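# Geometric and topological summary
The primary structure of each chain is shown beneath.
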Amino acid sequence: MPVPHLRLVADPEALAQAAADAFLEHGNQAIARRGRFTVVLSGGSTPKRLYQLLAQPDRRARIDWSRIDFFWGDERCVPPDHEQSNYGMAWKELLQGLQLDPARIHRLRGEDPDPAAAARSYQMDIADALGISADDDPPTFDLVFLGMGPDGHTASLFPHTQALQPTIHWVVPNYVPKFQAHRLTMTPRILNRARAIMFLVGGADKADVLQEVLEGPLETDRLPSQLIQSDEGNLTWIVDRMAAAKLRNR
Ligand code: 6PG
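Residues numbered from 1 in each chain as written. Predicted model: local features only at pLDDT ≥ 70, side-chain atom pairs only at ≥ 80, totals over all residues. Heavy atoms only, no water.

### Re the pattern of salt bridges
Considering all chains together, one arrives at 18 salt bridges under this definition. Among the salt bridges present, the one from R104 reaches D69, with a minimum N-O distance of 3.0 Å. You can see R104 sitting in the loop between α4 (86–93) and α5 (115–130) and its partner D69 sitting in strand β3 (residues 68–72), a full 35 residues away along the chain. Residue R104 is classed as partly exposed on the basis of its relative accessible area, which comes to 22%. Residue D69 is classed as buried on the basis of its relative accessible area, which comes to 3%. (Salt bridge = Lys/Arg side-chain N within 4 Å of Asp/Glu carboxyl O. Helix = DSSP H or I, 4+ residues; strand = E, 2+ residues; numbered from the N terminus. Buried < 20%, exposed > 50% of the residue type's maximum accessible area, 1.4 Å probe, protein only.)

So, in structure tokens, the structure goes:
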């Protein structure tokens, strides 16, 4: 399996700057080559500053937003206007100001009462958006952003949960006992096919788990972020100095 690329940056602001520049670079390359940019956004708090930077006039002017299809790697089972919604945060910090065609914003319907149905529906939405059958192999997104929790989860692939099981599905529901909450998440099967995958990891609370994930033995049930291995050999970890503090090879 190709070795992931590690990019060390100074602090959370530099992390967001690097992510914003990568978004523009991958986006403009995809638009130039294929006429569109399909990007999977991550959840949690780390992407907030990324979205704010992309919304600022200097960066906002550097890509044709009408050519972008937005997807999410996971969602909490809450309404889109809920403070916990990953879509809601991206809408508030970036998307609402861009006058986008709503048909190009593909959110997971966390509000649906049946998470399994919502997962199936999202797989159909992805297939429709990318012009393939939902029964085929997963599509290839141009760029996937991911975060990682201090427990080694990514997207909503949490340690020792059902969603870690091998599956033909691209999107699955996942009950997370520690939160006593349902989630919706893309699976490694679809995430790993992306042309580029970027983890954005910052902060001292991630240092221990980052060292285990990158330098320790493969223990994917305990460290689900290890399930993310780029089929294209294009997996990059952008990490700040606090998160990288325990790494031996940096
Ligand atoms: C979610 C995210 C999750 C997140 C990590 C890191 O829905 O919570 O998708 O995987 O990326 O928990 O979160 P922070 O960026 O807040 O540290």
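### Examining the side chain of S42
Mapped onto the fold, S42 is located in the loop between β2 (37–41) and α2 (47–55). Looking at S42, the relative accessible area reads 8%, which means it is buried. With sequence-adjacent residues up to four places away left out, S42 is seen in contact with P47, Y51, W72, F145, L146 and G147. (Contact = heavy atoms within 4.5 Å.)

### Considering the site of the ligand
Surrounding the ligand, one finds 15 residues, the nearest of these being S45, T46, D74, H153 and A155. Between the ligand and H153, the relevant distance is 2.7 Å, taken from an oxygen atom to a side-chain nitrogen or oxygen of the residue. In terms of residue class, the shell around the ligand is made up of two nonpolar, nine polar and four charged. (Near = heavy atom within 4 Å. Polar contact = N/O pair within 3.5 Å; in protein donor to acceptor, adjacent residues only side chain to side chain. Nonpolar A, V, L, I, M, F, W, Y, C, P; charged D, E, K, R; others polar.)

### What to know about the pairing of strand β6 (residues 171–176)
Across six bridges, the pairing between β6 and strand β7 (residues 181–186) is antiparallel. Counted as the bridge partner of P173 is L184 from β7. (Pairing = 2+ DSSP bridges.)

### Section: the side chain of Q123
By secondary structure assignment, the location of Q123 is in helix α5. Owing to a relative accessible area of 9%, Q123 belongs among the buried residues under this scheme. Among the polar contacts listed, one links the side chain of Q123 to the backbone oxygen of A134, at a separation of 2.9 Å. Not counting the four nearest positions on each side in its chain, Q123 is found in contact with A134, H169, W170 and V171.

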